[in-house]
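For reference, the chains in residue letters:
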Amino acid sequence: MFSSIVPLLMGLLLCAETRPAVPVVPALTERHHHDLRCAAAFAVVAVAQTRGDAAALALPPLGIRGKHYMGQVGERVAAETGLSGEAVHDLLIEAARIVTHDGATTVAVACLGDLDGAVPPRPAPDAVACLGLLGVYADVLATRDGDSALARTLARESARLGPAAHGLLVARGLDDAGQAAAIDRQRALAREALNGGPASIDADDFALCRKLAEAAPG
């Protein structure tokens, strides 16, 4: 139930300032309040990241890990307090209203250690993986939608990662043929993941790759 709250917040936050406060729940501990506050902050910042907010984008991508954290917190608070799922849902919405007022990005930054402990970050994709991932996404979009602006942008971002990717592969001792094979493997893994295979790519990988491309020279 709780893992679906992020998209729900996108609508609820529009009227958060007028929503009546949730009554104090004596069963909650300070730790419960802290965790609910962090979960709400991650959800609010994740929404801001989807909207391109610069301050939110300075944080790690929170759409996937923040959702998992919120799910863990919601289920644990319900189990430890005996509150219903609906009651915990209301507490999370109220926490989102408060952190929005207090500055969700600041709250989220203070909670990143909690997130790392509860939902450890995946290894960040490197330039080689990102070159393949963004290139395959560009190909898929071009096949599906034709010569779209996003397909062209992703193709350019993939190309910008070329020098860094080849630099990494040279450092690994690969010659030209080995470098080409390594990039082909990354592209195959990306296609496999997009086709529902065992390889794993999530939205955070995609966001990190685009950020890496943005920072690349050229």
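Before reading on, note that the structure itself is shown above.
Residues numbered from 1 in each chain as written. Predicted model: local features only at pLDDT ≥ 70, side-chain atom pairs only at ≥ 80, totals over all residues. Heavy atoms only, no water.

**Student:** How would you summarise the overall build of the chain if you had to cite specific residues and measurements?
**Tutor:** Within the chain, the regular secondary structure consists of eleven helices and zero strands. Its helices and strands in sequence order give the chain the pattern α-α-α-α-α-α-α-α-α-α-α, from N to C terminus. The contacts of the chain with a sequence gap of at least 6 include a subset with a gap of at least 24, amounting to 82%. Carbon and sulfur atoms provide 60% of the accessible area of the chain, an area that totals close to 11,200 Å². (Helix = DSSP H or I, 4+ residues; strand = E, 2+ residues; numbered from the N terminus. Contact = heavy atoms within 4.5 Å. Areas by Shrake-Rupley, 256 points an atom, 1.4 Å probe, with all protein chains shown as cover.)

**Student:** Got a sec to walk through the state of the cysteines? Specific residues and values, please.
**Tutor:** What the rule picks out here adds up to two disulfides. Disulfide partner of Cys-38: Cys-111, at an S-S distance of 2.0 Å. In this structure, the disulfide formed by Cys-38 and Cys-111 twists by about -70° around the S-S bond and is classed as left-handed. Taken together, the residues span a long stretch of sequence, with Cys-38 in helix α2 (residues 30-50) and Cys-111 in helix α6 (residues 104-118) at a distance of 73 residues. (Disulfide = S-S within 2.5 Å.)

**Student:** How would you explain the nonpolar core if you had to name every residue and give the values?
**Tutor:** If you look at the biggest cluster of nonpolar residues, it comprises 34 residues, and the most contacted ones within it are Leu-36, Phe-42, Leu-62 and Tyr-69. Secondary structure elements with two or more residues in this core: α2, α4 (65-81), α5 (85-102) and α6. Leaving out residues up to four positions away in the same chain, Phe-42 has contacts with Leu-62, Gly-66, Tyr-69, Ala-108, Cys-111, Leu-112 and Leu-115. Counting residues in each nonpolar core, the second largest holds 20 residues, with Val-128, Cys-130, Leu-133 and Cys-209 among its members. (Core = buried A, V, L, I, M, F, W, Y, C linked by side-chain atoms within 4.5 Å. Buried < 20%, exposed > 50% of the residue type's maximum accessible area, 1.4 Å probe, protein only.)

**Student:** Before we move on, can you summarise the environment of Ile-93 with the specific residues and values?
**Tutor:** Following the sequence through the fold, Ile-93 ends up in helix α5. Taking the C-alpha atoms as reference points, Ile-93 and Leu-36, separated by 57 residues in sequence, lie 9.4 Å from one another.

**Student:** Kindly report on the pattern of salt bridges, identifying the contributing residues and their values.
**Tutor:** Taken as a whole and assessed by the stated rule, the structure comprises 13 salt bridges. In this structure, Arg-76 engages Asp-35 in a salt bridge whose closest nitrogen and oxygen atoms are separated by 2.5 Å. Taken together, the positions of Arg-76 in helix α4 and Asp-35 in helix α2 put the pair 41 residues apart, joining distant regions of the chain. Take Asp-35: its relative accessible area is 2%, and that puts it in the buried class. Two residues, Asp-147 and Arg-152, come together in a salt bridge whose shortest N-O distance is 3.3 Å. What makes Asp-147 exposed here is its relative accessible area of 63%. When salt bridges that share partners are traced, they join Arg-31, Asp-35, Arg-76, Glu-80 and Asp-114 into one network. (Salt bridge = Lys/Arg side-chain N within 4 Å of Asp/Glu carboxyl O.)

**Student:** Break down the packing of aromatic side chains for me, with residues and values.
**Tutor:** This model, assessed by the stated rule, comprises two aromatic pairs. Relative to Tyr-69, the ring of Phe-42 has its centre 5.2 Å away and its plane inclined at 80°; by these criteria the two rings are edge-to-face. Here the residue Phe-42 occupies a position in helix α2, and Tyr-69 occupies one in helix α4, the gap between them amounting to 27 residues. Here the two residues Phe-42 and Tyr-69 agree in accessibility, since each one is buried. Summarising the aromatic geometry, the rings of Tyr-137 and Phe-206 are spaced 4.7 Å apart at their centres and angled 40° between planes, so their arrangement reads as tilted. In this pair, Tyr-137 sits in helix α7 (residues 127-145) while Phe-206 sits in helix α11 (residues 203-215), placing the two residues 69 residues apart along the sequence. (Phe/Tyr/Trp six-rings, centres within 6.5 Å; stacked < 30°, edge-to-face > 60°.)

Spatial relationships are all this shows, so hold off on functional conclusions.
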